[in-house]
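As a plain string of letters, each chain reads:
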2 protein chains.
Amino acid sequence: MSSAEDSLIARYFKPLATDPGAFDLTDDAALVKSSADDIVVTTDAIVEGVHFLPGDPPDTVARKALRVNLSDLAAKGAEPAGFVLTLALRAVDEAWLAPFARALGEDAASFRCPLLGGDTVSTPGPLMISITAFGRVLPGRMIRRAGAEPGDRVVVTGTIGDAALGLAFLKQDAMAKALAVDDGIRETLVERYRIPQPRVALAQAVRDHATAAMDVSDGLAGDLAKLCAASGVSAIVNIPTIPLSAPLAMLIDQYYGLLELAVSGGDDYEILCTIPENRFEAFAQASKLAGVPVTSIGTVISGTSVPRFIDGQGAEMALSRHSYSHF
Amino acid sequence: MSSAEDSLIARYFKPLATDPGAFDLTDDAALVKSSADDIVVTTDAIVEGVHFLPGDPPDTVARKALRVNLSDLAAKGAEPAGFVLTLALRAVDEAWLAPFARALGEDAASFRCPLLGGDTVSTPGPLMISITAFGRVLPGRMIRRAGAEPGDRVVVTGTIGDAALGLAFLKQDAMAKALAVDDGIRETLVERYRIPQPRVALAQAVRDHATAAMDVSDGLAGDLAKLCAASGVSAIVNIPTIPLSAPLAMLIDQYYGLLELAVSGGDDYEILCTIPENRFEAFAQASKLAGVPVTSIGTVISGTSVPRFIDGQGAEMALSRHSYSHF
């Protein structure tokens, strides 16, 4: 006797459950084996119409659902250990589920983060994918938001703002429509929104050198403010040093207002961290070996004011909003 | 700077985050400290209109969301260690959130399962609450669905079928409407549906004595079939020994068709386990000390056929469906 729900799980998700602690998804619970490590736990959900768009390809939805969690683990200095998946579906749509599960399995394998268990439920509403991911760090070595010290450098990985502009293109908002941009660039930016690149390779450098870290998911300005608040410090960011992709830099030359979108938009999934001056060289070297570009964009200062973003003329940028909020 | 999302979390959920590993909900991740124990992980989501009804009181929704997970942990023989919460809301409705968070906090405290972290997202659709809960067992001691041996007794806790009938009353289905039942009984059965009683107190007896265990969430018949399939065995259940509450027993006397609902309906959240004959007395004694009623309802036999339910006349009950399936 097997229900449609059981066959769905056996067909699409059992192949992803490669860890012995998953028991081939035939039990009520999974097992994370005891070890000397602390277990870092993070949970992030994505909702159709909110975090992804109804027309987004199912493989990109799967990758985004897992990668936003892998991004959190990396920012905490943790190595991936596995994840559990809650999937709320309107119906069993094989044309959607097959590429979703295939892409999820590919990412689970390439980031070494196997599926451990989950729950599949029906919903009359939008699709929702909720993932809780586990990572391992040596006891006491998780990197927190708290810990930044005055004098530390403020560092980000990769480039900032591409995903926010990609989303603006997908939503066809007025500003995005007004930009002169060819299809190739548009596609590149949209892909940055749809498929984050979690900086899993940087986890070790983060835990070896960072005093505080988080991933940039709700916008650089707002997330830096959160990190500073948790650490009881402030910061100054030198806007011209914020790393921008070539297409975004070119578009900002066309329309300076995009800079605010880049700084306050979300979905970058880059790592924001603070590195003591005397460790920066070692951190930069470790990042280079890991193949992850890092850029120093400012300095932690004492105080409790909101971090200030200073442009090339020494003027402070006024931000009408700092980050994305759901409510 | 604080978003509405951050204030919602600070106001309603920070008071529940009593474990140091929750970092007062100010970080991106939580920590489950390393220990000699295996970590048992379970995840269960509930969706408005599917697992609870739009008019259900928010405090009962909170308790159900956590308790269905606690029930899984207990059935695995694990002691609660904490949980993460994903909450998908249409809006910040204080009249709903305040009693929801208060009841969740009460249950987290009384079952010693603190909130470790979570994610709050907006949705245009039904409310959804997804919880991933963690429990601890000594290494290798998690009780699985696999492990039942021919000759073991089939045992359940509490009474079976009350919640399924409670749901039938709430849905005002034709059969439920035809039953002569006073309001007090109706309320008792509805409460059994809305607020499960997870058998956390029985976790130790389960891990000390059971060869296999799971909780009854999708119906006794279907869940026993799953346990038997995972163990590579079959079973015979003696219907007259299935524990029924006094109200349900009385109603079955009125309308024998209810028996099938009791056996194949869901939401019991009782523990179903198999106990070797020579351990049954010790298990019964431990259960008594834990204050949890247990009843032996049948026997594990060899074979791979679906478990058979035999009535007082020796006839096999034909079940038109064995359990709840979402799809």
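Residues numbered from 1 in each chain as written. Chains lettered and ligands numbered in written order. Predicted model: local features only at pLDDT ≥ 70, side-chain atom pairs only at ≥ 80, totals over all residues.

Overlaying chain A with chain B gives an RMSD of 0.0 Å, the required rotation being 180 degrees about an axis along which the chain moves by 0.0 Å. Such a combination of rotation and displacement between the chain copies is what one expects of a two-fold axis. Using C-alpha coordinates, one finds that chain A approaches the rotation axis most closely at Gly125 of chain A, a distance of 2.3 Å. In this assembly, 98% of the residues forming the interface of chain A have copies in chain B that are likewise at the interface, indicating an isologous arrangement. (Least-squares fit on C-alpha atoms with pLDDT ≥ 70 in both. Contact = placed C-beta atoms within 7 Å.)

Another point: helix α2 (residues 58-75) of chain A. Residue and element names in this part refer to chain A. Here α2 contains 18 residues, and its C-alpha end-to-end distance of 26 Å stays within 8% of the 26 Å for a straight helix at 1.5 Å per residue. For α2, a buried count of 18 out of 18 residues is recorded, marking the element as mostly surrounded by other parts of the structure. Of the residues one or two after α2, Gly77 is the one with positive phi, at around 80 degrees. (Helix = DSSP H or I, 4+ residues; strand = E, 2+ residues; numbered from the N terminus. Expected span 1.5 Å × (residues − 1). Buried ≥ 20, exposed ≤ 12 C-beta atoms within 10 Å, placed from the backbone.)

Residues and elements named next belong to chain B. Compared with an ideal rise of 1.5 Å per residue, which puts twelve residues at 16 Å, helix α6 (residues 183-194) spans 16 Å between its outermost C-alpha atoms and is within 8% of the ideal. Taken together, the buried positions of α6 are occupied by Leu189, Val190, Arg192, Tyr193 and Arg194. Structurally, α6 contributes buried residues whose contacts are with α2 (58-75), α4 (162-170) and α9 (246-254).

All names here are of chain A. Inspection of the secondary structure puts Phe52 in the loop between β2 (38-47) and α2. Since 22 C-beta atoms lie within 10 Å of it, Phe52 is described here as buried. Separated by 76 residues in the primary sequence, Phe52 and Met128 have C-alpha atoms spaced 9.7 Å apart. Ignoring sequence-local partners within four residues, the contact set of Phe52 consists of Ile46, Val61 and Lys64.

Turning next to the interface of chain A and chain B. Taken together, the 65 residues of chain A in the interface contact 64 residues of chain B. In terms of residue count, β2 of chain A provides more of the side of chain A that touches chain B than any other element does, nine residues in total. By the bridge criterion, three bridges tie β2 of chain A to strand β1 (residues 30-32) of chain B in an arrangement that is antiparallel. By the bridge assignment, Ile39 of chain A is partnered in β1 of chain B with Val32 of chain B. (Pairing = 2+ DSSP bridges.)

Before going further, it helps to examine the domain arrangement of chain A. All names here are of chain A. Under the domain assignment used here, chain A contains domain 1 (4-137) and domain 2 (153-310). Between domain 1 and domain 2, the C-alpha centre-to-centre distance is 26 Å. Listed by partner, the interface residues are 19 residues for domain 1 and 17 residues for domain 2. Contributing elements (two or more residues each) for the side of domain 1 that touches domain 2: α2 and β3 (79-89). Looking at which element gives the most residues to the side of domain 1 that touches domain 2, the answer is α2, with ten residues. (Domains from an automatic or database assignment.)

Right, let's get into the packing of α2 of chain A against helix α3 (residues 94-110) of chain A. All names here are of chain A. Interaxial distance between α2 and α3 falls to 7 Å at its minimum, and their mutual angle equals 40 degrees. Classified by the interaxial angle, the pair formed by α2 and α3 is oblique. For α2 against α3, the interelement crossing comes out right-handed. Within the contact between the two elements, α2 uses Pro58, Asp59, Val61, Ala62, Arg63, Leu66 and Arg67 and α3 uses Trp96, Pro99, Phe100, Arg102, Ala103, Leu104, Asp107 and Ala108. (Axes fitted to C-alpha atoms, helices over the stretch in contact; angles between N-to-C directions. Parallel < 35°, antiparallel > 145°, perpendicular 65-115°, else oblique. Left-handed = near helix turned anticlockwise from the far one by under 90°.)

Here we take up the sheet that holds strand β2 (residues 38-47) of chain B. Across the sheet, which stays open at both edges, the five strands sit in the order β1(A)-β2(B)-β5(B)-β3(B)-β4(B) with mixed pairing between neighbours. Whereas interior strands pair on both sides, the edge strands pair on one side only; in this sheet they are β1 (30-32) of chain A together with β4 (115-122) of chain B. Shown here is a sheet whose adjacent strand axes are inclined to one another by a mean of 20 degrees, direction ignored. As paired strands, strand β3 (residues 79-89) of chain B and β4 of chain B are joined by seven bridges and run parallel to one another. Within β4 of chain B, the position partnered with Leu87 of chain B by the bridge is Thr120 of chain B. α2 of chain B rests against β2, β3 and β5 (128-137) of chain B of the sheet, and its axis sits at about 145 degrees to β2 of chain B.

Attention now moves to the environment of Gly117 of chain B. Inspection of the secondary structure assignment puts Gly117 of chain B in strand β4. Given 27 C-beta atoms within 10 Å, Gly117 of chain B falls into the buried group. In the structure, Gly117 of chain B is positioned 104 residues away from Phe13 of chain B in sequence and 9.0 Å away in space, judged by C-alpha atoms. Setting aside residues up to four positions removed in sequence, Gly117 of chain B forms contacts with Val41 and Thr43 of chain A together with Ala22, Leu25, Ala29, Ala30 and Val84 of chain B.

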